[in-house]
Each structure stands twice: as C-alpha cells, then as structure tokens.
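# Structural overview
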Amino acid sequence: MLGLPDGTAACLFDLDGVLTRTASVHAAAWKDMFDGYLRERAARTGDPFVPFDIAKDYGPYVDGKKREDGTRSFLRSRGIELPEGEPDDPPDAETIRGLGDRKNALVLRLIEEKGVERFDGSIGYVRAARAAGLRTAVVSSSANTAQVLDAAGITGLFDARVDGVVAAERRLPGKPAPDMFLAGAAELDVPAGRAAVFEDALAGVEAGRAGGFGHVVGVNRVDGEHARALAEHGADVVVGDLSELMEDG
Ligand SMILES: O=P(O)(O)OC[C@H]1O[C@@H](O)[C@H](O)[C@@H](O)[C@@H]1O
C-alpha cells in the first residue's frame, strides 16, 4: 500500500521539495544572493561576471546541504575561498556566514510574500503512513524548518524533527553525511535498516545510502536527468510524486 519493503517501521522525510514547494524558493534566493556577490566581486577584481546557474549549480553544490556548506561548496567551485566568519556575522560581512545571512533574509522575504505551498501527494502519503502505524520524522538541512512546517500547517504530522537548528546544536555533519537521518531514526527509536528516506536532493539520497537505510526514495521534481542522477547517487526508486508509491499498492 505504501510501496515500501516489508518491516519498514518509520519514514524520514526531507522538507524542501519533498513535502513543500520550497526548493525553488531556496534556489531563487541563492541565485539572487550569489549573483549580487559575484557581480560586486567582478567589479572589484576585473574578472568577468559569471552568474549562478540554477540548472547547473544548484543541484551539485547547494541543494539539500546546510546553509554554510552550500555557500562554501558553490564558492569553491568558482575558486573562491572566504573566511568562515561567526554565526552572528552581519549580512554585509564577506564571509561564509555573512553570505548565508544575506540569502536567508531573501528566502524569508519570499516565504512571507508567497506563503508555503505543500505537495498534496506527499501530505496524503504521510497521513497514510501514520494511519498504517509507521512513525514519521522530518529531516531537513534547513534552519527554517519549524517556520515552514508551521506555515504549511503540517507540524502535527511528524513525531520528530531533525533540522539545521538541531544539527548546529548537536554539531551533526550535514547531508551528504548520514548523521542527520541517523539522528532522525534514533529519535523514532527505529534502526536505520527499518526506516525509509524520502529525498529530492542528490546530497540527500547520498546520505540515505551512506546511512544504510532500508529504502531510499528519490523524489524527482526536475527532469529526466535529475531522475537519473538521483538513482546514481543512491535512490532505490525514483518517483515524480509520493502518490505514485501508493498506486503501486
Ligand atoms: O538556509 P536554510 O533555510 O537553513 O536552508 C538550508 C538548505 O536547506 C535545504 O533543505 C534546501 O534544499 C537548500 O536549498 C537550503 O539552502
């Protein structure tokens, strides 16, 4: 009925792009922030301005990762190394934290202006999983997870939450390391082998594979190339929407 291996006792859901239509909101905010920075830097150094390309840069360098990891990883792809800075760096600081703060202000503004849309197929799936007695958790790199769940009105559908705030408090390495998903399974008191991971990001399916989870579902909201990449990075199955798993019986 849920399209999961027998004995699965828990489902660990990524948030942005799996439960809510917020992956594209994050991508737009990242582009806005990086383009502003790269343009300003090009004017200073005389190098050409090469904009952030959502199609080419978001998936491999930023998607699914903690804010500072995404910032560092993309800049490194352009040969730019910045100091880490401090968690309370102001947005105008030319540091990893400062640039991350700039992006966060943009994403929060977009969320406030546009609200948060949920994927109905995913919400139906979570409800069905709970009705079948499975435990559920949200495992997201985003430090805005609580606000997004609240804005989408779905906080009550999950028994546990391991997000960017929890990862910072417990010093958990972010995806593609498996630690956040392992912490989610531990919160639900279910071994990794009996838990299923639901992810739309390459870093996320990689984390699911690395953690030895019983089943890794890749959720493809992009295109055929992304579907193939999800499978190559560790998804056992790739679907366009979670409702497809229920149809599978
Ligand atoms: O900046 P936040 O809200 O803490 O989110 C960190 C990351 O969270 C992930 O869920 C998104 O896929 C990324 O795009 C985002 O950058």
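Residues numbered from 1 in each chain as written. Predicted model: local features only at pLDDT ≥ 70, side-chain atom pairs only at ≥ 80, totals over all residues. Heavy atoms only, no water.

Following K175, the chain continues to P176 via a peptide bond in cis, the omega torsion being 15°. Inspection of the secondary structure puts P176 in the loop between α7 (164-170) and α8 (179-187). Residues other than glycine seldom take positive phi values, yet R171 does so here, at roughly 55°. Relative to the assigned elements, R171 resides in the loop between α7 and α8. Using a relative accessible area of 75% as the deciding quantity, one classes R171 as exposed. (Helix = DSSP H or I, 4+ residues; strand = E, 2+ residues; numbered from the N terminus. Buried < 20%, exposed > 50% of the residue type's maximum accessible area, 1.4 Å probe, protein only.)

Attention shifts here to the pattern of salt bridges. Inspection of the entire model under this criterion finds 19 salt bridges. A salt bridge links D159 to R130; the shortest N-O distance between them is 3.3 Å. Residue D159 is found in the loop between α6 (145-152) and β3 (160-162), and its partner R130 is found in helix α5 (residues 120-131); the two are separated by 29 residues along the sequence. Classification of D159 by relative accessible area gives partly exposed; the value is 34%. (Salt bridge = Lys/Arg side-chain N within 4 Å of Asp/Glu carboxyl O.)

With that settled, the discussion passes to the domain arrangement of the chain. Per the domain assignment, the segments of the chain are domain 1 (10-22 + 117-247) and domain 2 (24-114). Each of domain 1 and domain 2 has a C-alpha centre, and the two are 24 Å apart. Domain 1 puts 16 residues into the contact, and the matching count from domain 2 is 13 residues. Of the roughly 1,200 Å² buried where domain 1 meets domain 2, counting both sides, 53% is carbon and sulfur surface. For the domain 1 face of the interface with domain 2, the top three residues by lost area are T22, S141 and N144, together amounting to 38%. Applying the counting criterion to the domain 1 and domain 2 interface returns 0 salt bridges. For the pair domain 1 and domain 2, the number of links is 7 residue pairs in polar contact (both at pLDDT 80 or more). Grouping the amino acids of the side of domain 1 that touches domain 2 by side-chain chemistry returns 7 nonpolar, 5 polar and 4 charged. (Domains from an automatic or database assignment. Contact = heavy atoms within 4.5 Å. Buried area = accessible area lost by both parts, 1.4 Å probe. Polar contact = N/O pair within 3.5 Å; in protein donor to acceptor, adjacent residues only side chain to side chain. Nonpolar A, V, L, I, M, F, W, Y, C, P; charged D, E, K, R; others polar.)

All right, on to the site of the ligand then. In the vicinity of the ligand lie 14 residues, with D16, Y58, R67, S142 and A143 positioned nearest. Side-chain polar atom of D63 to an oxygen atom of the ligand: 3.2 Å apart, as the coordinates give it. Between G64 and the ligand, the recorded distance is 3.0 Å, taken from a backbone N or O atom to an oxygen atom. Tallied by class, residues from the shell around the ligand come to 3 nonpolar, 6 polar and 5 charged. (Near = heavy atom within 4 Å.)

Going through the model one piece at a time under the given rule, you end up with 10 aromatic pairs. With a centroid separation of 5.3 Å and 25° between ring planes, the pair formed by F34 and F52 is classed as stacked. With a gap of 18 residues between them, F34 in helix α1 (residues 23-45) and F52 in the loop between α1 and α2 (54-62) connect regions that are remote in the sequence. Side by side, F34 and F52 carry an identical accessibility label, which is buried. (Phe/Tyr/Trp six-rings, centres within 6.5 Å; stacked < 30°, edge-to-face > 60°.)

A word on the sheet that holds β3. Ordered in space as β3-β2-β1-β4-β5-β6, the 6 strands form an open sheet in which the pairing is parallel. Strands with a single pairing partner mark the edges of an open sheet, and in this sheet they are β3 and β6 (237-239). On average, each strand axis in the sheet is tilted by 20° relative to the strand beside it, whichever way the strands run. Where strand β1 (residues 10-13) and strand β4 (residues 195-199) come together, 4 bridges link them in parallel fashion. Residue L12 lies in a different strand from β4, and its bridge partner there is V197. (Pairing = 2+ DSSP bridges. Axes fitted to C-alpha atoms, helices over the stretch in contact; angles between N-to-C directions.)

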